[in-house]
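Summary of the model geometry
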Amino acid sequence: HGEPRDSRLVARYRLTNPGGKARDYTLALALRPFQVNPPSQFLNTRGGVSPIRALAIDGGTVSVDGRARVFAKQLPNAAFASSFDGGMAASHLAAGTRPAGASVVDPQGLASGALLYRMRLAPWESRTIDVMVPMTGTGALARRWWDAATLQDEVAGMWRERLDRVVLTVPPQGQALADTLRTSLAHMLISRIGPRLQPGTRSYARSWIRDGAMISEGLLRLGRADAVRDYLEWYAPFQFDDGKVPCCVDDRGSDPVPENDSHGELIFNIAEYWRYTGDDAFLQRMWPHVLAAWEYMESLALSERTGANRALDPAFFGMMPASISHEGYSAKPMHSYWDNFWALRG
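Position numbers for residues start from 1 in each chain and track the written sequence from start to end. Local features are withheld for residues below a pLDDT of 70 in this predicted model, meaning they are given only at 70 or higher, and side-chain atom pairs are given and counted only at 80 or more; totals for whole chains, interfaces and linings count all residues. The side-chain values count all of the structure's non-hydrogen atoms but skip hydrogen atoms and water molecules.

Concerning the sheet that holds strand 3 (residues 23–31)
With respect to topology, three strands assemble into an open sheet ordered 3-9-7, the strand pairing being antiparallel. For this open sheet the edge positions go to strand 3 and strand 7 (78–82), each flanked by a neighbour on one side alone. In this sheet, adjacent strand axes meet at a mean angle of 20° when their direction is disregarded. Here, any two strands with at least 2 DSSP bridges between them count as paired. The helix and strand labels rest on DSSP assignments: H or I over at least four residues marks a helix, E over at least two residues marks a strand, and numbering proceeds from the N terminus. Here five bridges tie strand 7 to strand 9 (residues 112–121), and the two strands are oriented antiparallel to one another. Looking at the pairing, Ala78 lines up with Leu116 of strand 9. Note on geometry: axes are lines fitted to C-alpha atoms, helical ones only across the stretch in contact, with angles between N-to-C directions running from 0 to 180 degrees.

Some thoughts on the nonpolar core
Put simply, a nonpolar core is a bunch of buried Ala, Val, Leu, Ile, Met, Phe, Trp, Tyr and Cys residues held in one set by side-chain atoms that sit within 4.5 Å of each other. Relative accessibility under 20% of the residue-type maximum defines a buried residue, over 50% an exposed one, and the middle range a partly exposed one, all with a 1.4 Å probe and only protein chains included. Ranked by internal contacts, the top residues of the largest apolar core, which has 34 residues, are Leu219, Leu232 and Ile270. The dominant element in this core, judged by the number of residues it contributes, is helix 7 (residues 280–304), at eight residues. Working rule for contacts: check all heavy atoms of both residues, and any pair within 4.5 Å makes them a contact. Setting aside chain neighbours within four positions, we find Leu219 in contact with Leu185, Met188, Leu189, Leu197, Arg224, Ala225, Ala227 and Val228.

Comments concerning the packing of helix 3 (residues 175–190) against helix 4 (residues 209–221)
The N-to-C vectors of helix 3 and helix 4 enclose an angle of 125°; their axes lie 11 Å apart at closest approach. Considering their axes alone, helix 3 and helix 4 lie oblique with respect to each other. Every pair of crossing elements has a handedness; the one defined by helix 3 and helix 4 is left-handed. Here helix 3 contributes Leu185, Met188 and Leu189 to the contact with helix 4, which in turn contributes Ile215, Gly218 and Leu219. Small angles under 35 degrees read as roughly parallel and large ones over 145 as roughly antiparallel, with 65 to 115 read as roughly perpendicular and the rest as oblique. In this scheme the handedness of a crossing depends on how the near helix is turned from the far one: anticlockwise by less than a right angle means left-handed, clockwise means right-handed.

Notes on the pattern of salt bridges
Where charged atoms of side chains with opposite charge meet at close range, the side chains can pair. By definition, a salt bridge exists where a carboxyl oxygen of Asp or Glu is found within 4 Å of a side-chain nitrogen of Lys or Arg. As enumerated under the stated definition, the model contains 20 salt bridges in all. One salt bridge in this structure joins Asp226 and Arg165, with 3.9 Å as the shortest N-O distance. Of this pair, Asp226 sits in helix 5 (residues 225–235) while Arg165 sits in the loop between helix 2 (148–163) and helix 3, and the two are 61 residues apart along the sequence. In this structure Asp226 comes out as partly exposed when scored by relative accessible area, which is 26%. For the salt bridge of Asp251 with Arg196, the shortest nitrogen-to-oxygen distance reads 2.8 Å. Taken together, the positions of Asp251 in the loop between strand 12 (248–250) and strand 13 (253–254) and Arg196 in the loop between helix 3 and strand 11 (207–208) put the pair 55 residues apart, joining distant regions of the chain. One salt-bridge network, in which partners are shared between bridges, spans Glu161, Arg165, Arg224 and Asp226.

Some words on the sheet that holds strand 4 (residues 54–58)
Read from one edge to the other, the open sheet built from seven strands follows the order 1-2-10-6-5-4-8, with strand pairing classed as antiparallel. If you trace the sheet from one side to the other, it starts and ends with strand 1 (2–3) and strand 8 (103–105), each paired once. In this sheet, strand 5 (residues 61–64) lies alongside strand 4 in antiparallel orientation, the contact comprising four bridges. Each bridged residue has a counterpart across the sheet, and for Leu55 the counterpart in strand 5 is Val64. Together, strand 2 (6–16) and strand 10 (126–134) form the strand contacts of helix 2, whose direction differs from that of strand 2 by roughly 115°.

A word on the environment of Arg210
When you line up the elements, Arg210 lands in helix 4. Assessed through its relative accessible area of 12%, Arg210 is described here as buried. For the pair Arg210 and Gly264, spaced 54 residues apart in the sequence, the C-alpha separation amounts to 9.3 Å. Ignoring anything within four residues of it in the chain, the contact list for Arg210 reads Glu259, Asp261, Glu265, Ser325 and Trp338. For Arg210, the side chain forms a polar contact with the side chain of Glu259, separated by 2.9 Å. By the criterion applied in these results, polar contacts are pairs of N or O atoms within 3.5 Å in which, for protein atoms, one can donate a hydrogen and the other can accept it, and in which residues neighboring in sequence qualify only through two side-chain atoms.

Quick word on the pairing of strand 10
As judged from the nine bridges shared by strand 2 and strand 10, these two strands associate in the antiparallel manner. Looking across to strand 10, one finds that Arg8 is bridged to Pro134. Bridging between strand 6 (residues 67–72) and strand 10 involves two bridges; their strand directions are antiparallel. Residue pairing in the sheet places Ala72 in a bridge with Val131 of strand 10.

Some remarks on helix 6 (residues 262–277)
What a helix is expected to span follows from its residue count: subtract one and scale by 1.5 Å. Look at helix 6: 23 Å from first C-alpha to last across 16 residues, which is about the 22 Å you get at 1.5 Å a residue. For helix 6, the complete set of buried residues consists of Ser262, His263, Gly264, Glu265, Leu266, Ile267, Phe268, Asn269, Ile270, Glu272 and Tyr273. Buried positions along helix 6 lie against helix 4, helix 5, helix 7 and helix 9 (337–345). Positive backbone phi, at 65°, marks Gly278, one or two positions downstream of helix 6.

Just geometry here; none of it tells us what the structure is for.
Below, the structure written as structure tokens:
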């Protein structure tokens, strides 16, 4: 919920008694020093542990390393914090034990804890616990009264506006496919950072023009030409002076490694945007990038049109040179069919 400069994650936990008699429950919300990504995913951010050196729970507010980071709307009945040496929160919950304190300092950076909500639910009764985690900004909304249902309705309305510009009307047996397409559009938009189209988040929080060109095709078909225009206007200026199109751009800038599918992908992306929109002014602005990418591809193809190359393997004559456009080729550049496919598309 919110804008990029002032956003928050709102988590809603609904506990339901599915039986025919009243029962007592404890909902435990554990705070643990782990990231979503495992250590094996390390491309942008090293996954695994996210250190918590100090953890304090005061009512419904949880502070991590001295900063208020989690705000529960409903106050817990109890809470605890524990160092790594004192036992992780999950171990205490499994054993039914509870450390006495609600704050702890752990030099190892592996503190954990839990908010405990005890409740008696009548048959079929449900109860909801709402938690807010500020992501950017001051977190001012979390420090005053807020209604999670209202925030959820606002977010749902925003997404309907973005996702329902193209609607597929299909027989009932085809609805799952239409729903999957709509969800895929949401994934494309969720993974954006500003104008940057990305294949994913976290480890894949960078923009490959290969992915961007294919994502753009999907966005154009689903009524989001605005996102494609923003992406191209952002990506094209990273082109090198010799016309080479970088395979990838992230917060560090562009990657100069040889991936020879990139040049045709940029041309294809620009051309597809024009085909869907007829925006001639945009095409004129992009034309220098198109021409430079084409001339660079021509120079690459000429480098392969040699007698020695024809004698070595006629299949490679005039094609794109060997590159590392596949992860498996980084140790030894190889000729790649998709380099040539995208060159031809461009």
